[in-house]
Amino acid sequence: MRVVTYNVLGLQGYPPGEALEALGSFGSDAHIDHFVKVFAELDADILGIEEGVTAPMMKGIAQKLGYHLATFASPTAYPGHVLSRYPIMQSRVFSHFDPTAEVVPFSRTAGAALLDVHGDQVWFVAIHLHPREVAMREREADLLKGHIE
């Protein structure tokens, strides 16, 4: 089983100016086809996406790849996704927004997808911890441990 995680930076490409020139306008067929090709070349059975795009855009990519898709909302602006060659039986989002909380539970996104891997049930956990704040990363790791148990 080949498992890959990939921070796609909202499918913007990098550096932005050169990417726009090379990929065409955001969401265009050429732009989407570029990322379909990139993802296909990874040859992943399961691909965890960080800093993804909207669910409809990912749905189009999943359809072109022939992969199953689970999406995880973000309380900020960084949705996550799981693309899987294996059927997805259910998914759970851990990064819910609570308007009474002082901070969001996960700064980016966190969720899990239950996969049917040749008759075995396997949970794939997708998380994007805060990139710089160590204290927040530790808090997020502790929250994730509670979900995994």
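Residues numbered from 1 in each chain as written. Predicted model: local features only at pLDDT ≥ 70, side-chain atom pairs only at ≥ 80, totals over all residues. Heavy atoms only, no water.

> Help me out: how do you make sense of the overall build of the protein chain in this one?
For the protein chain, the helix and strand inventory stands at four helices and seven strands. Along the protein chain, helices and strands appear, N-terminal first, in the series β-α-α-β-α-β-β-β-β-β-α. Against the 2.2 N^0.38 benchmark of 15 Å for 149 residues, the protein chain shows a C-alpha radius of gyration of 16 Å, consistent with a compact globule. In the protein chain, which comprises 149 residues, the proportion classed as buried is 39%. Across the protein chain, every contact between residues at least 6 apart in sequence was considered, and the portion connecting residues at least 24 apart equals 54%. (Helix = DSSP H or I, 4+ residues; strand = E, 2+ residues; numbered from the N terminus. Rg over C-alpha atoms; globule rule 2.2 N^0.38 Å. Buried < 20%, exposed > 50% of the residue type's maximum accessible area, 1.4 Å probe, protein only. Contact = heavy atoms within 4.5 Å.)

> Is there a simple way to explain the environment of Val 125 in this structure?
With respect to the helices and strands, Val 125 occurs in strand 7 (residues 120–128). Distance in space between the C-alpha atoms of Val 125 and Leu 9 is 19 Å, their sequence separation being 116 residues. Residues contacting Val 125, with those up to four places away along its chain left out, are Gly 111, Ala 112, Leu 144 and Ile 148.

> For this particular structure, what's the right way to read the packing of helix 2 (residues 29–42) against helix 3 (residues 55–65)?
When two helices pack together, you describe them by how their axes are tilted relative to each other and by the distance separating the axes. It is at 10 Å that the axes of helix 2 and helix 3 come closest, and there the two elements cross at 55°. Considering the angle they form, helix 2 stands oblique to helix 3. Crossing hand, helix 2 versus helix 3: right-handed. Seen from helix 2, the contacting residues are Ile 32, Asp 33, Val 36, Phe 39 and Ala 40; seen from helix 3, they are Met 57, Ile 61, Lys 64 and Leu 65. (Axes fitted to C-alpha atoms, helices over the stretch in contact; angles between N-to-C directions. Parallel < 35°, antiparallel > 145°, perpendicular 65-115°, else oblique. Left-handed = near helix turned anticlockwise from the far one by under 90°.)

> Explain helix 4 (residues 134–148) to me, please; I cannot follow it from the model alone.
Each α-helix winds once per 3.6 residues, and so residues spaced three or four apart point in a common direction. The end-to-end C-alpha distance of helix 4 is 21 Å, a good match for the 21 Å that 15 residues give at a rise of 1.5 Å each. Of all the residues in helix 4, the buried ones are Met 136, Glu 140 and Leu 144. Along helix 4, the residues classed as buried sweep out an arc of 75° about the axis, all on the same side. Away from the buried face of helix 4 by more than 90 degrees, exposed residues Val 134, Ala 135, Glu 138, Asp 142 and Gly 146 are located. (Expected span 1.5 Å × (residues − 1). Arc of directions from axis to C-beta.)

> Which parts of the structure should I look at to understand unusual backbone geometry?
Most peptide bonds take the trans configuration, and most residues that are not glycine carry a negative phi. For the bond running from Tyr 14 to Pro 15, omega is -10°, close enough to zero to count as cis. Along the chain, Pro 15 turns up in the loop between strand 1 (3–7) and helix 1 (16–23). Positive phi, close to 55°, is recorded for Leu 11, a residue that is not glycine. One non-glycine residue, Asp 43, lies in positive phi territory at about 50°. Here Asp 43 is to be found in the loop between helix 2 and strand 2 (46–50). Accessibility expressed as a relative area gives 43% for Asp 43, which makes it partly exposed.

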